[in-house]
Amino acid sequence: MADVLRACEGMEQTDKPEEADVILFNTCSIREKAEDKVFSDLGRARLLKQARPDLLIGVGGCVASQEGEAIVKRAPYVDVVFGPQTLHRLPELLARRERQSRPQVDISFPEIEKFDHLPPARVDGCSAFVSIMEGCSKYCSYCVVPYTRGDEVSRPFEDVLVEIAGLADQGVREVNLLGQNVNAYRGKMGDTAEIADFALLLEYVADIPGIERIRYTTSHPNEFTPRLIEAYVKIPKLVNHLHLPVQHGSDRILMAMKRGYTAMEYKSTVRKLRAIRPDLAMSSDFIVGFPGETEEEFEELLDFIEVAQLDRVGAFKYSPVEGAAANALPDHVDPHEQEDRLARLMYLQEEISAEKLAKKVGKTMTVLVDDVDEEGAVARSAADAPEIDGLVYINGADLEVGEFVTVKITDSDEHDLWGEVVRK
Ligand code: 5AD
Ligand code: SF4
């Protein structure tokens, strides 16, 4: 949103709401009742608008896409409402708001138009996030994404490559390919009828000079094809980190979730990947307290976690989001029981994570410097994804953002590592 407004309107971002001409709320509806939070935040923006009537207020993201006009009905001081598929139309919506003197709502799904209109993402450090596809056609029973984001749509192959080459020219060294299901990527190649899959895209991205590390998020176990597994042999620039959400360890629950694979199939993919890359750091997501989850099924999940030996885990209590099919299932798990199961899962995983990180003490690794201050630097190993995972703290070294350095690990806890520079 900031990029779009900067490119079209020359707007600058500010951290101070009282200085802003436009305040935008970006909302998420993946879990819990996000609407309530949005309206309480909006209430505070309204006070600012009372003092300065020219202030424009906008609501974007998936809550906007779900609620649409209802937002303006409940909060008439909101000027524009737009969905994840229409955020590129923000300048136009704001201008129309001025011209017509009434709130504007656009939560349509114009498919690929969005990708065509987005200015290239501006990058501050040495990492960039590049959208390659959007949406999801999997319809897991607990999830709203297919409804809020629409079906899977991929950007044309050349568009993605040209954008990444441009970012590499600006000094980007690490690229993070984004999409709800990146391995469902089917990119049109030029004017031909040929379609590139995700494995092919990875090969081409790896050939772009300047790009040293490639990550992607999120992939789905179902389309983790032999070609994609093979990419871990062919493409050393693919980092030793993979976030592959599994959601549960019990086949009955996986079936009820409509995930389309068994726990065994997931473990088999992990086994193949680890055979190629023994140091591959893996993370996953889990949902506890899915409707009908018994104590035995939850214990199957704990056993799965014990066996899988993942490096990091995101775990969430099942939350009945508006529109999800699983809400109609019987035997919803009591919220206290959900809380209890979540705590048991996290306790087990913390032991595993701490043990895995402790094994890194004494080893050396190459890290990418993300941030520096007077005390030292914060860096990421190949296993640490920007904004998601743990970090490597380096004391007192004179480093620059964007630099790759070799560090020796001196200490660890259950999330992060500490190290000292051995070579710049
Ligand atoms: N309840 C709880 N967790 C959910 N997730 C998605 N939908 C729900 C829901 N209704 C979790 C999944 C997904 C992560 C982004 O959020 O684990 O991988
Ligand atoms: Fe939601 Fe399932 Fe699609 Fe992931 S794959 S976004 S969980 S419907």
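Rules of the game
Residues numbered from 1 in each chain as written. Chains lettered and ligands numbered in written order. Predicted model: local features only at pLDDT ≥ 70, side-chain atom pairs only at ≥ 80, totals over all residues. Heavy atoms only, no water. Helix = DSSP H or I, 4+ residues; strand = E, 2+ residues; numbered from the N terminus. Buried < 20%, exposed > 50% of the residue type's maximum accessible area, 1.4 Å probe, protein only. Contact = heavy atoms within 4.5 Å. Near = heavy atom within 4 Å. Nonpolar A, V, L, I, M, F, W, Y, C, P; charged D, E, K, R; others polar. Patch = residues over 30% accessible without salt bridge, like charges linked within 9 Å, V, L, I, M, F, W, Y side chains within 5 Å. Areas by Shrake-Rupley, 256 points an atom, 1.4 Å probe, with all protein chains shown as cover. Salt bridge = Lys/Arg side-chain N within 4 Å of Asp/Glu carboxyl O. Lys, Arg positive; Asp, Glu negative; His and termini not counted. Charge placed at Lys NZ, Arg CZ, Asp CG, Glu CD. Axes fitted to C-alpha atoms, helices over the stretch in contact; angles between N-to-C directions. Parallel < 35°, antiparallel > 145°, perpendicular 65-115°, else oblique. Left-handed = near helix turned anticlockwise from the far one by under 90°. Phe/Tyr/Trp six-rings, centres within 6.5 Å; stacked < 30°, edge-to-face > 60°. Lys NZ or Arg CZ within 6 Å of the ring centre and 35° of its normal. Pairing = 2+ DSSP bridges. Polar contact = N/O pair within 3.5 Å; in protein donor to acceptor, adjacent residues only side chain to side chain. Core = buried A, V, L, I, M, F, W, Y, C linked by side-chain atoms within 4.5 Å.

A. Highlighting the side chain of serine 250. Relative to the helices and strands, serine 250 is located in the loop between strand S12 (241-243) and helix H11 (251-256). With a relative accessible area of 1%, serine 250 lands in the buried category. Excluding residues that lie within four positions of it along the chain, serine 250 makes contacts with Glu297 and Glu300.

B. Region of interest: the site of ligand 2. Close to ligand 2 lie Cys136, Lys138, Tyr139, Cys140, Tyr142, Cys143, Val145, Pro146, Asn181, His220 and Arg259. Its residues assigned to classes, the shell around ligand 2 shows seven nonpolar, two polar and two charged.

C. A negative patch on the surface, seen in detail. Together, Asp251, Glu265, Glu296, Glu299, Glu300, Asp303, Glu306, Glu351 and Glu355 make up a region of like negative charge exposed at the surface. Of all the elements in the fold, those that place two or more residues in the negative patch are helix H13 (295-308) and helix H14 (335-358). With five residues, H13 is the single largest residue contributor to the negative patch. With respect to the secondary-structure elements, glutamate 265 resides in helix H12 (residues 263-276).

D. Spotlight on the packing of H13 against H14. In the contact formed by H13 and H14, the axes pass within 10 Å of each other and the chain directions differ by 15 degrees. Taken together, the axes of H13 and H14 are roughly parallel relative to one another. Of the two possible hands of crossing, H13 and H14 adopt the one that is right-handed. Here Glu295, Phe298, Glu299, Leu301, Leu302, Ile305 and Glu306 of H13 come into contact with H14, specifically with Glu337, Arg341, Arg344, Leu345, Leu348, Gln349 and Ile352. The residue makeup of the contact of H13 with H14, split by class, is seven nonpolar, one polar and six charged.

E. Representation of the packing of aromatic side chains within the structure. Applying the stated rule across the entire model yields eight aromatic pairs. Taking the centre distance of 5.8 Å and the plane angle of 50 degrees together, the rings of tyrosine 266 and phenylalanine 304 count as tilted. With tyrosine 266 in helix H12 and phenylalanine 304 in helix H13, this residue pair connects regions lying 38 residues apart in the sequence. Across the pair, exposure class does not vary: tyrosine 266 and phenylalanine 304 are buried alike. Ring geometry for phenylalanine 286 and phenylalanine 304: centres 6.2 Å apart, planes at 70 degrees, overall edge-to-face. On the criterion of sequence distance, the pair formed by phenylalanine 286 in strand S13 (residues 281-288) and phenylalanine 304 in helix H13 is long-range, its members being 18 residues apart. Both residues of the pair, phenylalanine 286 and phenylalanine 304, belong to the buried class. Ring-pair connections join several aromatic residues into one group, and the members of that group are Tyr261, Tyr266, Phe286 and Phe304. Sitting above the plane of the phenylalanine 316 ring, arginine 31 keeps its charged end 3.6 Å from the centroid.

F. Region of interest: the sheet that holds strand S4 (residues 104-106). The strand order across the open sheet formed by four strands is S1-S2-S3-S4, and the pairing between neighbours is parallel. Every interior strand has two partners, whereas the edge strands, strand S1 (22-27) and S4, have only one. Within this sheet the neighbouring strands show an average axis-to-axis angle of 10 degrees, counted without direction. Two strands pair when backbone bridges link them, and strand S2 (residues 56-60) and strand S3 (residues 80-82) are joined in this way by two bridges, in the parallel orientation. Bridge pairing in S3 links valine 59 to valine 81.

G. Looking closely at the site of ligand 1. Around ligand 1, a shell composed of Ile30, Arg31, Tyr142, Gln247, Asp285, Ile287, Phe316, Lys317, Tyr318, Ser319 and Val321 is seen. Tyrosine 142 places a polar main-chain atom, nitrogen or oxygen, 2.9 Å from a nitrogen atom of ligand 1. A distance of 2.7 Å separates an oxygen atom of ligand 1 from a polar atom in the side chain of aspartate 285. For ligand 1, the protein covers 87% of the area, taking 400 Å² as the surface of the free molecule. For the shell around ligand 1, the elements supplying multiple residues, two or more each, are S13 and strand S14 (312-317). For the shell around ligand 1, the residue count by class is six nonpolar, two polar and three charged.

H. Layout of the sheet that holds strand S5 (residues 127-131). Taken in spatial order, the three strands line up as S5-S8-S11 in an open sheet, and their pairing is parallel. In this open sheet, the two strands that pair with only one neighbour each are S5 and strand S11 (213-217). This sheet shows a mean twist of 25 degrees between the axes of neighbouring strands, independent of strand direction. By the bridge criterion, five bridges tie S5 to strand S8 (residues 174-178) in an arrangement that is parallel. Pairing of serine 131 across the sheet is with leucine 178, part of S8. Each of S8 and S11 is contacted by helix H9 (residues 198-206), which is oriented at about 150 degrees to S11, the strand it contacts most.

I. Main features of the nonpolar core. Of all hydrophobic cores here, the largest spans 61 residues; its most connected members are Leu177 and Tyr216. Dropping the residues within four chain positions of it, leucine 177 is found in contact with Val130, Ile132, Ile164, Val182, Phe198, Leu201, Leu202, Ile214, Arg215, Tyr216 and Thr217. Of all hydrophobic cores here, the second largest spans 19 residues; its members include Ile23, Val38, Val59 and Val63.

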